[in-house]
Amino acid sequence: MAVPDRLRAAIGQREIKETLGTTDLAEALVRHARKLADVRTLFASLDQQQASSIDDRADKIVREGLGALARGCGGDKAGHRNAGVVLSVAE
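What you see is a predicted model, and the numbers here were worked out from it, not measured in a lab.

Parameters at a glance
Residues numbered from 1 in each chain as written. Predicted model: local features only at pLDDT ≥ 70, side-chain atom pairs only at ≥ 80, totals over all residues. Heavy atoms only, no water. Helix = DSSP H or I, 4+ residues; strand = E, 2+ residues; numbered from the N terminus. Buried < 20%, exposed > 50% of the residue type's maximum accessible area, 1.4 Å probe, protein only. Contact = heavy atoms within 4.5 Å. Areas by Shrake-Rupley, 256 points an atom, 1.4 Å probe, with all protein chains shown as cover. Salt bridge = Lys/Arg side-chain N within 4 Å of Asp/Glu carboxyl O. 1 Å grid on protein atoms, 1.4 Å probe; cavity = no way out; pocket = protein on both sides within 12 Å on 5 of 7 lines; lining within 4 Å. Points joined across faces, edges and corners; volume = space filled by probe spheres on them. Nonpolar A, V, L, I, M, F, W, Y, C, P; charged D, E, K, R; others polar. Core = buried A, V, L, I, M, F, W, Y, C linked by side-chain atoms within 4.5 Å. Expected span 1.5 Å × (residues − 1).

The next subject is the overall build of the chain. On a plain count of helices and strands, the chain comes out with two helices and zero strands. By the burial criterion, 9% of the 91 residues in the chain qualify as buried. At a minimum sequence separation of 6, the contacts of the chain that also span at least 24 residues come to 40%. Accessible surface, the chain: about 7300 Å² in total, of which carbon and sulfur atoms supply 55%.

Within the structure shown, the criterion is met by five salt bridges. With a shortest N-O distance of 2.8 Å, Asp5 and Arg8 are connected by a salt bridge. The class of Arg8 is partly exposed, set by a relative accessible area of 25%. Notably, a salt bridge pairs Lys35 with Glu18, separated by 2.4 Å at the nearest N-O pair. One end of the pair, Lys35, is in helix α2 (residues 25-72); the other, Glu18, is in the loop between α1 (8-11) and α2, with 17 residues separating them in the sequence. By relative accessible area, Glu18 is classed as exposed at 55%.

Moving on, we come to the layout of surface pockets. The space that makes up the largest pocket amounts to roughly 170 Å³. Residue composition of the lining of the largest pocket, grouped by class: five nonpolar, one polar and three charged.

Moving on, we come to the nonpolar core. Of all hydrophobic cores here, the largest spans six residues; its members are Val3, Leu7, Ile16, Val39, Phe43 and Leu46. Here Phe43 is in contact with Met1, Ala2, Val3, Pro4, Leu7, Ile11 and Ile16, once residues within four sequence places are set aside.

Before going further, it helps to examine α2. Across its 48 residues, α2 extends 70 Å between first and last C-alpha, which sits within 8% of the 70 Å expected from 1.5 Å per residue. Restricting attention to buried positions, one finds in α2 the residues Ala28, Val39, Phe43 and Leu46. On the buried face of α2, the contacting elements are α1.

So, in structure tokens, the structure goes:
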């Protein structure tokens, strides 16, 4: 089975190949269905992990950006005061 481009780095290969370990066609079809389900479950799990990682990084970027903005609201280098602004991120 071809590995989707988005998951190749995580899996480390372009295709997943495995022997079914049988010459019986009926048994091969059953084993193929099981392997296919396992691979699809793996892909879904990796997609979920990547989505969580992206969400975590986005939250961190937003928190850091809002923190930088909040620090900047106290005034600039010339001593000008900015209006008081309260910034917060719901966790």
